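Single-letter residue listing:
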Amino acid sequence: MTQAQDPDERYVRIAVMIMLALTLFASACATLIHWLAPIHRMMDLVVPPAFCVLSVGLITALVRRPDWVLGIVRIDLLAAGVALAAPAWLYTLQATLTPGMQLIDILPPVSSLFVVFLAMLMIFVPGRLAFLVAALSWVLIALPVLVYLLLHGREMWSPRGRDLLMAYGPASIMVVVLLPVQRALVGKIRRLALERDRMEVMLRRDPLTGVQSRLLGEQMLRQVLSERIPAGLIMLDLDKFKAINDTHGHPMGDKVLQAVADACRGLLRAGKTISRWGGEEFLVIVPNVDAPGLQRVAERLRLAIADLSVAPVGQVTASLGATLLQSWDDQETVLQRADQALYRAKEQGGNQVVAVPAPIAAGTTPQQTN
Ligand SMILES: Nc1nc2c(ncn2[C@@H]2O[C@H](COP(=O)(O)OP(=O)(O)OP(=O)(O)O)[C@@H](O)[C@H]2O)c(=O)[nH]1
């Protein structure tokens with residue numbers, strides 16, 4: 001079975017694959033140039049083909065074992081560090097010790113690769129270690145070249161010398177300073193996204209009872225109305241809840257609300273939803289239902305609540321007002337009808353269901369059960 005991939009990880013793998021492919025291309029070009037050049041230097045003949053072989057190996061490893069991506073990048077970075085440090089030291093020493101030889105003539109054009117190398121370090125090496133490795137790399141790769149140039153003013157002020165000075169000096173420092181800022185920004189964006197997801201969950205769920213929030217309930221009601229789904233609405237209100245709070249305390253009242261919400265949620269299946277509408281009032285939306293079906297659902301809810309026994313409160317009862325949605329209804333009219341039905345159920349003593357038909361049948365006597 002294939003596992004769902006984190007999009008970030010997929011993006012990193014693609015980026016690493018592109019980087020390895022470009023390294024392979026660049027080292028293949030460098031191999032060709034050095035082998036065809038009139039003057040052959042040992043290091044130029046060895047390092048680029050070695051990098052070709054390494055890149056092919058790492059690409060194969062990444063294709064076969066995508067989960068090794070970080071290890072593969074680190075091997076590549078280590079090899080790149082060695083490949084950048086070796087010519088820096090070797091050619092600097094050679095130019096210093098050989099009269100008439102200039103570093104700007106013999107150093108391969110790798111100064112821009114050093115900047116890329118630093119960028120990769122800052123991306124793939126975690127935390128403070130990135131700064132340590134970047135500083136060490138700068139000492140091992142850039143420092144010998146910079147010291148040489150400072151001691152050879154004429155070479156330093158040549159176009160190549162100034163280019164080396166810029167790449168190994170300000171450009172590399174800018175990369176090391178700017179990338180952590182970007183990393184911090186990415187971290188902040190991730191934290192904000194998590195916070196937004198948390199807020200969204202909070203807005204959609206009632207924190208006390210765990211059922212849908214009123215906000216989500218209203219949204220679902222609007223959707224049912226706009227899609228003209230044949231549905232029914234039940235407004236449910238606990239009876240004499242104030243007395244429970246007054247006698248047993250607010251925390252016990254909370255427990256009763258939770259028990260009622262759990263019992264209702266356990267009963268409601270197949271697209272039916274329950275939202276906490278306010279204090280001790282809940283709204284149930286029942287899709288694809290007719291009048292007798294809605295009555296049955298409401299009655300089941302009433303009985304489930306009446307069967308609850310929350311010690312030390314004892315029996316809890318609820319009044320329920322039910323109505324079917326009509327094609328001409330909007331949120332206000334249908335809620336008004338459900339409220340009317342609930343009001344009648346309360347008026348008639350509570351612990352009962354009253355179903356109010358749509359206005360077209362306004363003359364009809366409301367059905368009532370208990
Ligand atoms: N424990 C608790 N009580 C709440 C919460 N929200 C509202 N209430 C209380 O619910 C009570 C509702 O009182 P009323 O509106 O008089 O309703 P009732 O006592 O059930 O009366 P009837 O509906 O007429 O049967 C008030 O005392 C509110 O303080 C809540 O989240 N937790």
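The chain goes by diguanylate cyclase in an unreviewed UniProt entry, where it is assigned to Rhodanobacter lindaniclasticus. Recorded in UniProt under Cofactor (unreviewed entry), the annotation for the chain is "Mg(2+)". You can read under Catalytic activity (unreviewed entry) in the UniProt record for the chain the words "2 GTP = 3',3'-c-di-GMP + 2 diphosphate".

Caption draft 1: View of helix α6 (residues 127-151). For α6, spanning 25 residues, the distance from its first C-alpha to its last is 35 Å, which sits close to the expected 36 Å at 1.5 Å a residue. The largest bend in α6 amounts to roughly 45° and is located at Ala 142, with the proline Pro 144 lying one to four residues further along. Within the span of α6, buried status applies to Ala 130, Ala 134, Ser 137, Ile 141, Ala 142, Pro 144, Val 145, Leu 146, Tyr 148 and Leu 149.

Caption draft 2: Molecular detail of the nonpolar core. Within the largest apolar cluster, 49 residues are counted, with the highest numbers of intra-cluster contacts made by Leu 20, Phe 114, Phe 117, Val 145 and Tyr 168. Within the residue set of this core, elements represented by two or more residues are α1 (7-36), α2 (42-64), α3 (69-97), α4 (103-106), α5 (111-124), α6 and α8 (159-204). When residues of this core are assigned to their parent elements, the largest contribution, eleven residues, is made by α3. Residues within four places of Tyr 168 in sequence aside, it is in contact with Val 110, Ser 111, Phe 114, Trp 138, Ile 141, Ala 142, Val 145 and Leu 146.

Caption draft 3: Quick peek at the pattern of salt bridges. Within the structure shown, the criterion is met by eleven salt bridges. For Asp 197, the salt bridge is made with Arg 196, and the minimal N-O distance between the two is 3.1 Å. Residue Asp 206 pairs with Arg 276 through a salt bridge whose shortest N-O separation is 3.3 Å. One end of the pair, Asp 206, is in the loop between α8 and α9 (214-226); the other, Arg 276, is in strand β2 (residues 273-278), with 70 residues separating them in the sequence. Accessibility expressed as a relative area gives 17% for Arg 276, which makes it buried. Salt bridges sharing partners connect three or more residues here, namely Asp 237, Asp 239 and Lys 346.

Caption draft 4: Focus on the side chain of Asp 329. As for its placement among the helices and strands, Asp 329 is situated in the loop between β6 (318-324) and α13 (331-347). Under the relative-accessibility criterion, Asp 329 is labelled buried at 7%. At 2.7 Å, the side chain of Asp 329 forms a polar contact with the side chain of Thr 333. A polar side-chain atom of Asp 329 sits 2.6 Å from a polar atom in the side chain of Arg 337. For Asp 329, the residues in contact, after removing those within four places along its chain, are Leu 225, Leu 324, Val 334 and Arg 337.

What counts and what doesn't
Residues numbered from 1 in each chain as written. Predicted model: local features only at pLDDT ≥ 70, side-chain atom pairs only at ≥ 80, totals over all residues. Heavy atoms only, no water. UniProt positions renumbered as here; feature names shortened; annotations may be inferred. Helix = DSSP H or I, 4+ residues; strand = E, 2+ residues; numbered from the N terminus. Expected span 1.5 Å × (residues − 1). Bend = angle between axes of the 7 residues up to and from the residue. Buried < 20%, exposed > 50% of the residue type's maximum accessible area, 1.4 Å probe, protein only. Core = buried A, V, L, I, M, F, W, Y, C linked by side-chain atoms within 4.5 Å. Contact = heavy atoms within 4.5 Å. Salt bridge = Lys/Arg side-chain N within 4 Å of Asp/Glu carboxyl O. Polar contact = N/O pair within 3.5 Å; in protein donor to acceptor, adjacent residues only side chain to side chain.

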